[in-house]
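# Commentary on secondary and tertiary structure
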Amino acid sequence: MLARRFLSSASSPLAPTIRQLLLSPPPPPAACVAVNGWVKSIRRQKKVAFAVISDGSSDAGLQAVFTDINLAKNLTNGASVRLQGTLADSPGAGQEKELKVSEVEVLGECDPERYPMQKQALTVEYLRDHCHLRARTREIGAMLRLRDSTTRAIHGYFEDNGFIHVHTPIITSNDCEGAGETFRIAPSSSDASTSDAKPSEYFNHPAYLTVSSQLHLEAVASAISRVYTLSPCFRAERSQTSRHLAEFWMLEAEWAFTSSLTELCDVVEHAIRHVLRTHAASPDMDALWKQHPPATSEAKRAELQSYADAPQPWTRLTYTDAVDVLAAHHAQTPGGAFVFPPAWGSSLQSEHERWLADTYVRGPVFVTDYPAVLKPFYMRLNDSDGGGKERQTVACFDLLVPGMGELVGGSLREERTGLLEAALERHGLDKADYAWYLDLRRYGGAPHGGFGLGFERLISWMSGIESVRECIAMPRWAGRMLL
Ligand code: 4AD
C-alpha cells in the first residue's frame, strides 16, 4: 500500500491547527490533511453534507465537505472529531479553503438533546452559570485569543524598551494598597500539623493573596532597573460592578532612575497605543465588535484607532483642575449633574471619572496629583504648593478612558527614607513590617515609579465586551466561584 502524504511541518512535532492550515500556502493537491476539532454546525443535503469544524485556534472554523454523506451520519454539534481529507479552494463565499473529507473518526460523542450549548443565543447569565463550557462560544473564544495576543503585544512593548519580565509572589505578608481588601490564607484543616484556629502558624506570620505586585517589583527594580509583571491579583471587594473581579490580572511596571510623572504617563500611553495599533486589524476584535450594531461597532473601532494615532499626547489634568471642572458642571446643571457633589479632598466617584473621559475630554485622560489623604502610603509627596498639610498632594495619576473610567493607576514612589517613615506612621502602619521596604531606600535607593493596569479592563475597553466578567475564562466575584 502506498504511504499517504500527510501535510506536516518539519519544524513542529504537532499537526497544524486550523488557523495554521487556513493561513498556510496551498498544499500540493494530493496532500492529505488531518484536522482535529469540534463540530460547530452541520448541514445535510441529499448528496452532500457540510460541517463547520473549530479547534478554537481562530474565529473562522474550517468547512468540511462530505460527498459521501454516510461519513457524516454520526456527526452532531459539539462532538469532537478527527477528519482526514484534502484541502481545496472553496467555491463558497466567506471561506477560502474547505476540506474534502475522506475519513471520519468521532473521538467524543455529544448528545444533541442534552448539550447545554445549543445553537440559539445564550444569555450572558446562562453562560456564567456554565462557565466550564462557555469557551466554546464564539465570543469567549475570541476574547481568550485577544487576551493572548494582547499579552504578546505587551511583552513586545516592554522587551523593546529594555524591561525584564519578572515573576513576583502570589502569597505575601502585606496589603500593598492598605485598603483592607485582602484574602487571608491558611493551610487546609486536613493538614494535621496545622488547624484553622491558628491560620498564621504555617509562615509564622499572617499570609495573604497579593493585591498588587508593586512592592515586590520595587525590590527587584532596585537592582534590575526596569521590570514588569503580568500577574494575578486578588481583592476581597464587595463591588458588584462591571469593572470589578475578586481575581484579576494586572500588568505592573516599575522602573528606577525616574523622577518624572510625565515620563510615567508617557510610558503608559505608549504601551497602550502600541497594543491598540497591534490589534487594529485583529480578526478576534472584529468578531467581538460584530456583536454590536454595525454603526456602533464601526464608530467604536474608529474611536480606538483615533486614540492610537492621536498626534498630541493624551490629555493630562491635575486632580485640582478636575475637581474644579466637575464642580462647575455640577453647579451649572439644574438639580446637579452628579449624585456625589465633587469636592476637593473627596475621591473621584465613577460617575465623575466617566464624565471626565466620556464628555469633558472625549478621550483618555490622565488625572494627576491627588490629595495625599486619598492615596496609599508609598506615593511620593509633592513639594508643598503653599496650601498647607490638608492640601498636600502626591505625584500620582489615574488614567481614565471613555466608557470605562479608571484603567491604570500609578505614581512616583517615596524614596526619601524620613518621609516614607512619616507616611507609614500617618497610615497607621507598623514600621517593623516594612523594614525591608525601608532598606530599599537606605541602601542605594534611587528615585523610581511605576503603574498597574487592569488587564480585564483593557480587554473590555478594546473589545466592547460589557463586563470584565466576560473578559476572563473563569471569573470570580463576591458571591460567585463556580469551579
Ligand atoms: O489603582 P490600583 O489599586 O493600583 C495598584 O494596585 C498599584 N499598586 C499598581 C501599581 O502602581 N503597580 O489598581 C491598578 C489597576 C486599576 O486601575 C484597575 O484597572 C485594576 O488595577 N483593578 C481591578 N480590575 C479588576 N477588578 C478589580 N477588583 C480591580 N481593582 C483594581
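Parameters and conventions
Residues numbered from 1 in each chain as written. Predicted model: local features only at pLDDT ≥ 70, side-chain atom pairs only at ≥ 80, totals over all residues. Heavy atoms only, no water. UniProt positions renumbered as here; feature names shortened; annotations may be inferred. Near = heavy atom within 4 Å. Polar contact = N/O pair within 3.5 Å; in protein donor to acceptor, adjacent residues only side chain to side chain. Areas by Shrake-Rupley, 256 points an atom, 1.4 Å probe, with all protein chains shown as cover. Buried < 20%, exposed > 50% of the residue type's maximum accessible area, 1.4 Å probe, protein only. Helix = DSSP H or I, 4+ residues; strand = E, 2+ residues; numbered from the N terminus. Pairing = 2+ DSSP bridges. Contact = heavy atoms within 4.5 Å. Axes fitted to C-alpha atoms, helices over the stretch in contact; angles between N-to-C directions.

As annotated in an unreviewed UniProt entry, the chain carries the name Asparagine--tRNA ligase, mitochondrial and is attributed to Lentinus brumalis. Quoted verbatim from the Sequence similarities (unreviewed entry) field of UniProt, the annotation for the chain is "Belongs to the class-II aminoacyl-tRNA synthetase family."

### Structural notes on the site of the ligand
Taken together, 22 residues form the shell around the ligand, and within it Glu177, Gln214, Glu237, Glu252 and Glu406 come nearest. Between the ligand and Ser212 there is a distance of 2.9 Å, counted from a nitrogen atom to a side-chain nitrogen or oxygen. Here Arg235 contributes a side-chain N or O atom positioned 2.8 Å from an oxygen atom of the ligand. Protein coverage of the free-state accessible area of the ligand, which is 620 Å², stands at 93%.

### Quick notes on the pairing of strand β15 (residues 405–412)
For β15, the tally of buried residues reaches six of eight residues, placing the bulk of the element in the interior. Both strand β14 (residues 396–401) and β15 contribute to a ladder of six bridges, which runs antiparallel. Following the sheet pairing, Leu400 is matched in β15 by Glu406. With antiparallel pairing between neighbouring strands as the criterion, β14 and β15 make up a hairpin whose turn holds three residues, including Gly403 at a positive phi of roughly 80°. As defined by bridge partners, β15 adjoins strand β16 (residues 448–454) across five bridges and the pair is classed as antiparallel. Looking at β16, one finds that Val408 is bridged to Leu453.

### Observations regarding the sheet that holds strand β13 (residues 365–368)
Judged by pairing direction, the sheet is mixed, and its eight strands sit side by side in the order β6-β10-β11-β16-β15-β14-β13-β12 without closing on themselves. Edge positions in the sheet fall to β6 (164–165) and β12 (315–318), since each of these pairs with one other strand and no more. Of the pairings in the sheet, the one linking β13 to β14 comprises four bridges and is antiparallel in character. Of the residues in β14, the one forming a bridge with Phe366 is Leu399. Helix-sheet contacts for helix α12 (residues 455–463) involve β10 (226–234), β11 (247–256), β14, β15 and β16, and the interaxial angle to β16 is about 55°.

### Things to note about the sheet that holds strand β4 (residues 80–89)
Here we have five strands rolled up into a closed barrel, ordered β1-β2-β3-β5-β4, and mixed in their pairing. Taken pair by pair, the neighbouring strands of this sheet meet at an average axis angle of 55°, ignoring direction. Where strand β1 (residues 32–44) and strand β2 (residues 49–54) come together, six bridges link them in antiparallel fashion. Residue pairing across strands places Ile42 opposite Ala51, the latter belonging to β2.

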